[in-house]
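Structural features, examined
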Amino acid sequence: MEAAAHPNVNLRILPFGAVLGYESAPLNSFYIFDIGNAPQVVVVETETKELHVTASERILRYQAMFDRVSRACLTPEESIELIRGVDT
């Protein structure tokens, strides 16, 4: 909970019953790296390896997936309230 107070941390919870639109939730965790002037890269973690995605059209798909999941998440305030409620 302390980390959520930092300005560069955005704590969000995706509820089990969240509606993600016409697509399902991501099958694997992924990270989108956009660091300054360096080319964007998406890192996808699977059971047996880490995939590095650098093709722009594929990166756009991961950005769209991230946006869709983000819209379905609770707000940071709602997420913290939920955690505090479970913690008591």
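In this report, the structure presented in the accompanying data block is examined. These numbers were taken from a predicted model, which means no experiment stands behind them. (Residues numbered from 1 in each chain as written. Predicted model: local features only at pLDDT ≥ 70, side-chain atom pairs only at ≥ 80, totals over all residues. Heavy atoms only, no water.)

This part takes up the packing of aromatic side chains. In the structure shown here, the tally under the stated rule is 2 aromatic pairs. Aromatic side chains Y31 and F33 sit 6.5 Å apart centroid to centroid with 35° between the ring planes, which places their arrangement in the tilted category. (Phe/Tyr/Trp six-rings, centres within 6.5 Å; stacked < 30°, edge-to-face > 60°.)

Along the chain, the position of E50 falls in strand β3 (residues 50–53). E50 sits in the partly exposed class, given a relative accessible area of 47%. When the C-alpha positions of E50 and Q40 are compared, they lie 16 Å apart, and in sequence the two are 10 residues distant. Of the polar contacts made by the side chain of E50, one reaches the side chain of H52; its length is 3.2 Å. (Helix = DSSP H or I, 4+ residues; strand = E, 2+ residues; numbered from the N terminus. Buried < 20%, exposed > 50% of the residue type's maximum accessible area, 1.4 Å probe, protein only. Polar contact = N/O pair within 3.5 Å; in protein donor to acceptor, adjacent residues only side chain to side chain.)

The topology assignment puts V43 in strand β2 (residues 41–45). Taking the relative accessible area as the measure of exposure, V43 reaches 8% and is therefore buried. On a C-alpha basis, the gap between V43 and S29 in space is 8.6 Å, while along the polypeptide they are 14 residues apart. Other than its neighbours up to four places away in sequence, V43 contacts S29, F30, Y31, F33, E50, L51 and H52. (Contact = heavy atoms within 4.5 Å.)

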